[in-house]
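# Structural overview for review
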Amino acid sequence: MVGTYDNYIWVMYDSTQGLAWIVDPGEARQVIDFLQQNQLQAAAILITHRHFDHIDGVAEIKANYPDCVIYGPQKTPFTLIEKRLSEGEQITLNPDLHFRVLDTPGHTEDHISYVNEKWLFCADTLFTGGCGRILGGTVEQFANSILKLRALNEDLLFYCAHEYSADNLAFATYVEPENTALQQRLNQLHVNYPALHDGNVDTLGLEKRTNPFMRFDTPALKAKLIAKGSKDCPAELFATLRAWKDRVDQGIEKITVDEKQS
Ligand SMILES: [Zn+2]
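Note that the structure is a prediction, hence the values are computed from the model and not measured.

### As for the packing of helix α5 (residues 165–175) against helix α6 (residues 180–187)
Interhelical geometry of α5 versus α6 gives an angle of 150° and a closest axis separation of 10 Å. If you check the angle between α5 and α6, you find them roughly antiparallel. Crossing geometry of α5 relative to α6 is assigned as left-handed. Taken together, the residues of α6 that come into contact with α5 (itself represented by Leu169, Ala170, Ala172 and Thr173) are Leu182, Arg185 and Leu186. Its residues placed into classes, the contact of α5 with α6 shows five nonpolar, one polar and one charged.

Below you can see the structure in the form of structure tokens.
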């Protein structure tokens, strides 16, 4: 479901058991409405990091479903977390629903992601065609977190927490105009927020082929980043690319047709 800001709130559920597991409820009302309409009980909430648009619904959902277990990062300042998790821990939400925890700091210092054999919930670490801003973590942490996600299985379905696809892929094309996989993806992109995915999301493999933040050390992009003053190491390459995107986001640098073609 889609939140008030431009967040996605992902809900996994089992209709037979009437149970639901919710990722990053930034608000409660829509989640509770959805649970009631589908005769579901909230069994657990999985929190990735401390930002309000990921946690603001937690207290009200817990008040309505007292048995709901709240999982979240070991290091987070958010006090409602009941089961604090860090790298490598496994959680079992249901007999056939498990997740492994990955520490993925960088966007914030406390960010974790949840992965199993099918799904990756990585919230604001990696978006479709982009990544989160640095709001508490370091560039070293962020680069390492992205490399950690990049090492995962390409077939994983990839669930991020915000809809910035069009904007991110425009920037991606600006920095990698020669990437044919990216051109193809952009041609097939029809996203108007709010976009209801209905479970139809892309794979991590497609991100690896088209998302510049997973490609900062590929030869062509690396050469451009070094030409912009970056040193040849993951943290610097990532930082230079992130700063480039920030300049575009702030309107300091404009994506123009001429620049795209140069
Ligand atoms: Zn965030």
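### With respect to the nonpolar core
In terms of nonpolar packing, the biggest core is built from 29 residues, with Leu120 and Ile146 touching the most fellow members. For this core, the elements supplying multiple residues, two or more each, are β9 (119–123), β10 (126–127), α4 (139–150), β12 (157–160), α5, α8 (219–227) and α9 (234–249). Per element, the largest residue contribution to this core is five residues, and it comes from α9. Excluding anything up to four places from it in sequence, Leu120 contacts Ser113, Tyr114, Val115, Leu149, Leu152, Leu156, Leu157, Phe158, Tyr159 and Leu204. One finds Tyr71, Leu85, Ile91 and Leu93 within the second-largest nonpolar core, a separate group that totals 21 residues.

### What about the UniProt feature "binding site: Zn(2+) 1" (unreviewed entry) in the chain?
Here, the residues flagged by UniProt with the feature "binding site: Zn(2+) 1" (unreviewed entry) are His49, His51, His107 and Asp124. The largest pairwise C-alpha distance within this set of annotated residues, which runs over 76 residues, is 10.1 Å, so the set is compact in three dimensions. Considering the arrangement of structural elements, one finds His49 in the loop between β3 (41–46) and α2 (52–55). In this structure His49 touches His54, Ile55, Pro73, His107, Thr108, Asp110, His111, Ala123 and Asp124, once residues within four positions along its chain are discounted. Polar side-chain contacts of His49 include one of 3.3 Å to the side chain of His107. Not counting residues within four places of it along the chain, the set of residues in contact with His51 comprises His107, Thr108, Asp124 and Leu135. There is a polar contact of 3.3 Å between the side chain of His51 and the side chain of His49.

### Some details on the pairing of strand β8 (residues 112–115)
Burial of β8 is two-sided: the residues Ile112 and Tyr114 facing one way and the residues Ser113 and Val115 facing the other way are all buried. When β8 meets β9, the two strands line up antiparallel, connected through two bridges. Counted as the bridge partner of Tyr114 is Phe121 from β9. In sequence, β8 turns back onto β9 through a hairpin of three residues.

### Observations regarding the UniProt feature "domain: Metallo-beta-lactamase" (unreviewed entry) in the chain
Under the local residue numbering, the UniProt record ascribes the feature "domain: Metallo-beta-lactamase" (unreviewed entry) to residues 6–162. Taken end to end, residues 6–162 is 20% helix and 34% strand, and its two terminal C-alpha atoms sit 5 Å from one another.

### Structural notes on the sheet that holds strand β6 (residues 90–94)
Pairing is mixed across the open sheet formed by five strands, whose spatial order is β6-β7-β8-β9-β12. Two strands close off the open sheet at either side, each with one partner strand: β6 and β12. In this sheet, adjacent strand axes meet at a mean angle of 25° when their direction is disregarded. Alignment of β6 against strand β7 (residues 97–103), held across four bridges, turns out to be antiparallel. The partner of Thr92 across the bridge, within β7, is His98. Where α4 meets the sheet, its contacts fall on β7 and β9, and the angle it forms with β7 comes to roughly 145°.

The rules behind each value
Residues numbered from 1 in each chain as written. Predicted model: local features only at pLDDT ≥ 70, side-chain atom pairs only at ≥ 80, totals over all residues. Heavy atoms only, no water. Axes fitted to C-alpha atoms, helices over the stretch in contact; angles between N-to-C directions. Helix = DSSP H or I, 4+ residues; strand = E, 2+ residues; numbered from the N terminus. Parallel < 35°, antiparallel > 145°, perpendicular 65-115°, else oblique. Left-handed = near helix turned anticlockwise from the far one by under 90°. Contact = heavy atoms within 4.5 Å. Nonpolar A, V, L, I, M, F, W, Y, C, P; charged D, E, K, R; others polar. Core = buried A, V, L, I, M, F, W, Y, C linked by side-chain atoms within 4.5 Å. Buried < 20%, exposed > 50% of the residue type's maximum accessible area, 1.4 Å probe, protein only. UniProt positions renumbered as here; feature names shortened; annotations may be inferred. Polar contact = N/O pair within 3.5 Å; in protein donor to acceptor, adjacent residues only side chain to side chain. Pairing = 2+ DSSP bridges.

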